Amino acid sequence: MDIRAQHRVHGGTLTYAQHQSASTGTAMRYSVFVPPGAGPFAYLIWLSGLTCTEDNFTTKAGAYGAAAQAGVAIVAPDTSPRGEGVADDAAYDLGQGAGFYVDATQAPWASHFKMESYITRDLVAAVESGFPLAPRRSLFGHSMGGHGALTLAMKHPSLFRSVSAFSPIASPTRCAWGEKAFNAYLGADQAAWRGHDAALLIEAGKAAPFDDILVDQGLSDSFLEAQLKPELLEQAAQKAGQKLTLRRHEGYDHSYFFITSFVADHVAFHAARLG
């Protein structure tokens, strides 16, 4: 692990770090906020959206005051592998900065784009060995990262105690962002896509280990109708008998101004379940 920078914030320590990932075969960057105290601390993993790096949440979300008060740490990784020799695309919604938190099976992406394995294996191992963190974890995220948080939590329930999301891509098998990414990363067989669709996973009962799922959605979000479709989460939860707290907010958009307005609620939601 290479420590790139450290800062004091809300009585705790914010570290920017980099490590080599076996899953992606590349160096991967992340930030870790550790609250004041001796630890070990339960922690949240934040998954960011399209075009983001480890820095967007770290500098814009304003979550560390609430995390310090709750006594939980927060880890924020990059959204994809990067670097020389890593496949990319000219569009913002595919390639570097757009890993979609899946393990790609198709060329040229399969060599490095293994973000599901990275988050659930390499990142967890790195932060728990390098920082005073306990193996008590929760997931939350935004947009593409909201999709990632929901799907990874439901696919790996033994790893995570709770899950929440801001403006998640609720059903990527039924929107242009997801269709494009899944075709590229997973191939044309749509049966392979279903295990990466939050609404379909909830409908199949995969969210049963979680007592509630918290989702916040802004009603002035320009991506709401075409890409995000939170109503599909509601429909799936109703079919499965799954508790879902979906809060809709007038006037809020897709930006970090929305996230910073409600992130303390998400920290409290997870802290109550992490113990």
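Preceding block: the structure.
The paragraphs below set out a description of the structure included in this document. No experiment lies behind these values; they were computed from the predicted model shown. (Residues numbered from 1 in each chain as written. Predicted model: local features only at pLDDT ≥ 70, side-chain atom pairs only at ≥ 80, totals over all residues. Heavy atoms only, no water.)

Before going further, it helps to spend a moment on the nonpolar core. If you look at the biggest cluster of nonpolar residues, it comprises 66 residues, and the most contacted ones within it are Tyr30, Ile45, Phe100, Val127, Leu139, Tyr185 and Leu233. Core analysis: the next-biggest nonpolar cluster, separate from the first, contains 24 residues, Tyr64, Ala68, Val72 and Val267 among them. (Core = buried A, V, L, I, M, F, W, Y, C linked by side-chain atoms within 4.5 Å. Buried < 20%, exposed > 50% of the residue type's maximum accessible area, 1.4 Å probe, protein only.)

What follows concerns unusual backbone geometry. In this model, glycine 39 is joined to proline 40 through a cis peptide bond whose omega is 0°. Here the phi dihedral of threonine 51 falls at roughly 75°; this positive angle occurs in a residue that is not glycine. Within the secondary structure, threonine 51 sits in the loop between strand 4 (41–47) and helix 1 (55–60). Positive phi is not limited to glycine here, since phenylalanine 100 has a value of about 60°. Relative to the elements of secondary structure, phenylalanine 100 occurs in the loop between strand 5 (73–77) and helix 3 (115–130). (Helix = DSSP H or I, 4+ residues; strand = E, 2+ residues; numbered from the N terminus.)

This part is about the side chain of serine 167. Take serine 167: it is sitting in the loop between strand 7 (163–166) and helix 5 (176–186). The exposure class of serine 167 is buried, given its relative accessible area of 0%. Leave out the neighbours within four places in its chain, and serine 167 touches His142, Ser143, Asp216, Gln217, Gly218, Asp221, Leu228, His254 and Phe258. (Contact = heavy atoms within 4.5 Å.)

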